[in-house]
Amino acid sequence: MFIIDAHLDLAMNAMEWNRDLKRPVMEIREREKEMKDKPDRARNTVSLPALRDCGAGLVVATQIARFVKRGSPLPGWHSPEQAWAQTQAQLAWYQAMVSEGEMVQVSNKSLLEAQIKKWEDNTVAVSDKPVGFILSLEGADSLVNISYLEKAFGYGLRALGPAHYGEGRYAGGTGTEEGLSEAGKSLLKEMDSLNMILDITHLTDAGFSQALKIYKGPVWASHHNCRALVNNQRQLTDDQIRILIERGAVIGGVMDAWMLADGWIRGVSQPKAMGVNLNRLIDHYDHICQIAGNADHVAIGSDLDGAFGTEQSPYDLETVADLQNLPGLLKLRGYKESDIQNILYKNWLRFLRNAWN
Ligand SMILES: [Zn+2]
């Protein structure tokens, strides 16, 4: 079945993890066997061939670079200009993948329809089908000032989440209580005029409320689970889920294990011991579907290889290609075929068609 995954940090993996995503997952693992610089070395799950194998013909792919003030405990760049330059390196990698025919950028409705058509065409071998990507910026720190948004829109940026982890220049992120800064409010107005997609993932509760009041355009939660099941500020409350449903939003279920299992301790807990498999993700889907009364607002926003690998992913997922097991698991949980298609890709597709009308 065709799949749309709305959150993958592909260029971050290429440029900061030094992964050649043109290669198979197992080959990348092999090359990292002796590397000790990051906890997820040789535990990667994503590559372009694996995405093709699982029918993920369209993904939302990020640019991501944080600015940190002196004394911040988080890793990041020491100036917004450096953060911007990092995102430009990431952009250059995506563009090189496009030149090689590995990927294709999707930034408007006709490109979207063309990409869907290409993947529906059974006369083309899967290996000849490029992975489509919609460019999104995770955390807006790298926009040196608001005029940079228009530059980014020019090269195809279509979605933006103002916040990530920690203090942000435009909005407080996960782990803080801060809402939008004045610059953040101006940024949203500028995004509105460009009809960009606002990604509310990583906003604080205060930021969530402010953003949804200010923003009039399309809103999604690219990679987000439920606070009622795993209690953390990073997750959506039931009220927030209701507000998102009213706005016609789609919520991408995230597969980072700590957001799937209550009591997960990073670097200590193990997926198997904690019972983290794809069924835990479906628990979050169920919760949102119960609130919505339908399956029109949940989808995939895996975040696989988002600075974690198999040590922090569902244990029944060896590579991203195993997302293809979701339809069978959803069926066992009582989802009907049309709902399974909605979750795997049709909800994102409907959202994008509406947003880009
Ligand atoms: Zn994230």
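Look a little higher up for the structure.
### So, the packing of aromatic side chains
Geometrically, a pair of aromatic rings is defined through the distance of the ring centres and the angle of the planes.
Argument step 1. Counted under the stated rule, the structure contains eight aromatic pairs.
Argument step 2. Plain terms: the ring middles of Phe-2 and Tyr-345 are 5.4 Å apart, the flat faces sit at 85° to each other, and that makes the pair edge-to-face. In this pair, Phe-2 sits in the segment before β1 (4–8) while Tyr-345 sits in helix α12 (residues 337–355), placing the two residues 343 residues apart along the sequence.
Argument step 3. A ring pair is formed by Trp-220 and Phe-351, whose centres lie 5.2 Å apart and whose planes are at 35°; its orientation type is tilted. With Trp-220 in strand β7 (residues 219–220) and Phe-351 in helix α12, this pair connects stretches of sequence that are 131 residues apart.
Argument step 4. Judged by relative accessible area, which is 1%, Trp-220 ranks as buried.
Argument step 5. Linked through ring pairs, Phe-2, Trp-119 and Tyr-345 together constitute an aromatic cluster.
Argument step 6. Sitting above the plane of the Trp-17 ring, Lys-38 keeps its charged end 4.2 Å from the centroid.
Argument step 7. Sitting over the face of the ring of Tyr-148, Lys-151 holds its NZ or CZ atom 4.1 Å from the ring centroid.

### Some points on the packing of helix α9 (residues 238–246) against helix α10 (residues 278–292)
Argument step 1. Taken N-terminus to C-terminus, the directions of α9 and α10 make an angle of 60°; their axes are 10 Å apart at the nearest point. Regarding the angle of α9 to α10, the classification is oblique. Considering the relative orientation of α9 and α10, their crossing is right-handed. Taken together, the residues of α10 that come into contact with α9 (itself represented by Asp-238, Ile-241, Arg-242 and Ile-245) are His-287, Ile-288, Ile-291 and Ala-292.
Argument step 2. Across the contact of α9 with α10, the residue classes break down as five nonpolar, one polar and two charged.

Parameters at a glance
Residues numbered from 1 in each chain as written. Predicted model: local features only at pLDDT ≥ 70, side-chain atom pairs only at ≥ 80, totals over all residues. Heavy atoms only, no water. Phe/Tyr/Trp six-rings, centres within 6.5 Å; stacked < 30°, edge-to-face > 60°. Helix = DSSP H or I, 4+ residues; strand = E, 2+ residues; numbered from the N terminus. Buried < 20%, exposed > 50% of the residue type's maximum accessible area, 1.4 Å probe, protein only. Lys NZ or Arg CZ within 6 Å of the ring centre and 35° of its normal. Axes fitted to C-alpha atoms, helices over the stretch in contact; angles between N-to-C directions. Parallel < 35°, antiparallel > 145°, perpendicular 65-115°, else oblique. Left-handed = near helix turned anticlockwise from the far one by under 90°. Contact = heavy atoms within 4.5 Å. Nonpolar A, V, L, I, M, F, W, Y, C, P; charged D, E, K, R; others polar.

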